[in-house]
Amino acid sequence: MHLLDFIHQLLPFTRDWADWFVYVLMVFFFAFAILNTLVAPLTGISTYIERRLAGRAQYRWGPNRVGFRSLLSALPLTRGLTKLADVQPIKFIGSKIPGGLLQFAADGLKLFTKEDIIPSGADSFLFRLAPYVVMAGSFAAFAVFPVSFWCSATNLNIGIFYVIGISSLVVPGVLMSGWASANKWALYGGMRAASQIVSYEIPVAISLMTVVMLTGSMNMNDIVASQLSGYGIEKAGLLGWNVFRYGGLLVVPFVVYFIGGCAEVNRTPFDLPEAESELVAGYHTEYSGFRWSFFFMAEYANMFAVGAIATTMFLGGPLPPYPAAFTEGLPMLARFGEGFFWFFVKSYFFVLVMIHMRWTLPRYRIDQLMHLCWKVLIPIALLWFVIMCGVKMWRMEQNLPKHPAAAAAGAHR
Amino acid sequence: MRYDYVGVLVFLVLAVGFILAGMTAQRIVSRLLRTWRPSASKLSPYECGEEPVGGTYVRYNIRFYVIALIFIVFDVEIVLLFPWARVFQELYPFYRSVLFWDMVIFIGILAFGLAYVWAKGDLEWVKTFRKHLSPAEKVARSPQKKEAA
């Protein structure tokens with residue numbers, strides 16, 4: 001285990017501890033870091049960005065007020081401290097923060113202090129359980145994302161298959177919340193969400209399977225490694241990414257994946273489960289306060305996860321667009337930062353695209369939604385899978401020695 | 001590696017622990033900050049501000065079940081095809097195009113199933129049960145037309 005050796009070197013006192021204990025501790029810190037950088041704060045910051053962009057798109061103001069002063073005066077407990085905002089160092093820092101940037105902090109505080117309501121007719125146990133299931137499903141997918149070069153919390157050999165499987169945990173969670181709320185809107189929303197998520201899972205899984213077939217591995221780190229070179233160039237940079245390889249043929253699965261991904265996280269134009277004009281708020285109609293915020297967090301985490309999967313499978317994951325050889329000499333920490341930077345920028349780009357789509361496109365109707373999935377995306381995805389298998393076969397046929405025995409001897413790479 | 005799936009467990013535990021800690025912290029903080037004044041109308045199901053009408057578990061479209069059934073078939077297909085996709089490259093030198101045609105036949109059967117369901121009209125969200133409709137009737141019954149009317 002290279003990783004354990006590395007930790008033993010870094011922290012010599014861990015040599016005496018059991019291997020599994022060190023490993024669990026390490027993954028725990030990794031997961032904790034992901035939770036506290038990618039999931040929780042990113043949800044808040046994405047909300048702020050989304051509302052600013054919405055303001056731009058609709059020619060109105062987004063949040064532009066909340067600074068230190070309004071944040072302090074928001075709560076009864078801190079209202080007395082409002083004068084602190086006039087004290088010099090705080091005033092100086094406050095003047096440097098653009099108005100509205102602390103909106104997400106105010107929102108978080110508001111959610112934290114809101115009344116927690118469980119409707120009288122609700123199935124209390126399922127009602128409480130649902131956010132755990134949804135959150136577990138969306139957060140556990142982060143376990144295998146290669147957040148930097150050859151660096152993911154766990155290096156599962158079935159990586160992408162595991163992501164598809166574990167993110168399906170959202171479906172029972174959503175059904176649970178819809179059913180347990182004892183509310184008609186929630187029930188309809190839950191059913192719609194479940195049918196939509198399971199339907200769109202098929203084109204998504206088939207287009208990801210295309211990449212797995214071309215790479216010959218389900219491990220996320222292996223898939224990233226396979227994108228280092230392309231068109232016969234070692235360390236090809238941009239050209240090695242899967243969308244640009246194979247003469248750009250993988251653009252089709254990529255587009256199918258992204259459309260399906262948007263539908264899987266219930267974003268506009270596919271936000272039928274939460275269609276405000278029809279279903280109030282869908283499956284989380286009856287949720288309030290902090291309990292509701294976990295659904296919200298799971299939605300934004302899922303958005304980021306869709307971006308992260310698209311990045312890893314099609315856009316080279318943490319690989320930079322320039323040939324990787326340029327920065328090979330840098331110290332390890334700088335290399336880690338470089339990989340994380342590219343992974344984050346590429347993944348967050350997709351979140352921004354989704355936000356833009358929300359304020360650009362009108363909502364689909366449910367029969368159009370099903371039509372798009374079953375009659376357009378699934379046939380395209382299946383057809384392209386077969387085509388890419390043919391392309392792969394042709395390429396392998398080119399590289400194989402003609403004599404069958406020689407082929408068998410050279411097969412074990 | 002040996003401990004990889006322990007890592008998954010750590011993630012699941014952390015996700016659950018995150019909510020558990022959040023809810024517990026909220027419960028403690030609520031003593032200081034949060035209001036807690038439940039009343040009968042506040043705890044009743046939300047139906048746009050009106051008194052709730054009838055029970056909650058109303059009938060909903062049978063289509064949801066049909067979609068679930070078709071989904072299961074395709075999901076099993078994906079489960080069976082993923083291992084194939086994984087080993088295609090490695091086994092190709094031994095089995096050559098037999099591997100490819102295996103997959104084509106397997107997908108072909110499923111594609112036939114999809115075409116059958118499609119032709120039967122089970123992929124339509126609004127299914128008509130009358131078999132022979134004139135083109136004019138078809139237009140009249142299409143959901144787009146209803147929306148416009």
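A quick note: this is a predicted structure, and the numbers were derived from the prediction, not measured. (Residues numbered from 1 in each chain as written. Chains lettered and ligands numbered in written order. Predicted model: local features only at pLDDT ≥ 70, side-chain atom pairs only at ≥ 80, totals over all residues. Heavy atoms only, no water.)

Q: Account for the packing of helix H6 (residues 124–140) of chain A against helix H1 (residues 4–30) of chain B, with residues named and values stated.
A: Here H6 of chain A crosses H1 of chain B at 140°, and the two axes come no closer than 8 Å. Put simply, H6 of chain A runs oblique to H1 of chain B. Our pair here, H6 of chain A against H1 of chain B, has a crossing hand that is right-handed. In this structure, H6 of chain A uses Arg128, Pro131, Tyr132, Met135, Ala136, Phe139 and Ala140 of chain A to contact H1 of chain B, whose residues at the interface are Phe11, Leu12, Leu14, Ala15, Val16, Phe18, Ile19, Leu20, Met23 and Arg27 of chain B. The residue inventory of the contact of H6 of chain A with H1 of chain B, partitioned by class, reads 15 nonpolar, no polar and 2 charged. (Axes fitted to C-alpha atoms, helices over the stretch in contact; angles between N-to-C directions. Helix = DSSP H or I, 4+ residues; strand = E, 2+ residues; numbered from the N terminus. Parallel < 35°, antiparallel > 145°, perpendicular 65-115°, else oblique. Left-handed = near helix turned anticlockwise from the far one by under 90°. Contact = heavy atoms within 4.5 Å. Nonpolar A, V, L, I, M, F, W, Y, C, P; charged D, E, K, R; others polar.)

Q: Can you lay out a nonpolar patch on the surface for me, pointing to particular residues and giving the numbers?
A: A surface patch of nonpolar side chains, amounting to about 630 Å² of accessible area, comprises Leu10, Leu11, Phe13, Trp17, Trp20 and Phe21 of chain A. Inspection of the secondary structure assignment puts phenylalanine 21 of chain A in helix H2 (residues 19–57). (Patch = residues over 30% accessible without salt bridge, like charges linked within 9 Å, V, L, I, M, F, W, Y side chains within 5 Å. Areas by Shrake-Rupley, 256 points an atom, 1.4 Å probe, with all protein chains shown as cover. Salt bridge = Lys/Arg side-chain N within 4 Å of Asp/Glu carboxyl O.)

Q: For the pattern of salt bridges, give the residues involved together with the corresponding values.
A: When the charged atoms of two side chains lie near each other, side chains of opposite charge can form a pair. All names here are of chain A. Following the criterion strictly, the structure yields 6 salt bridges over all chains and no others. Notably, a salt bridge pairs glutamate 50 with arginine 267, separated by 2.9 Å at the nearest N-O pair. Taken as a pair, glutamate 50 in helix H2 and arginine 267 in the loop between helix H11 (251–264) and helix H12 (276–279) lie far apart in primary sequence, 217 residues in all. Accessibility assignment for this pair places glutamate 50 and arginine 267 in one class, buried. Here aspartate 271 and arginine 363 are joined by a salt bridge, their closest N and O atoms 2.7 Å apart. Residue aspartate 271 is found in the loop between H11 and H12, and its partner arginine 363 is found in the loop between helix H14 (332–358) and helix H15 (366–399); the two are separated by 92 residues along the sequence. (Buried < 20%, exposed > 50% of the residue type's maximum accessible area, 1.4 Å probe, protein only.)

Q: An account of the confidence of the model for chain A is needed here, citing residue identities and associated values.
A: Low-confidence regions, as indicated by low pLDDT, have predicted coordinates that should not be scrutinised in detail. Residue-level pLDDT values for chain A average 81, and 91% of them are 70 or greater. Here helix H16 (residues 404–410) of chain A stands out as the element of chain A with the lowest mean pLDDT, 55, in contrast to H11 of chain A, whose mean of 91 is the highest. (pLDDT = per-residue confidence, 0-100.)

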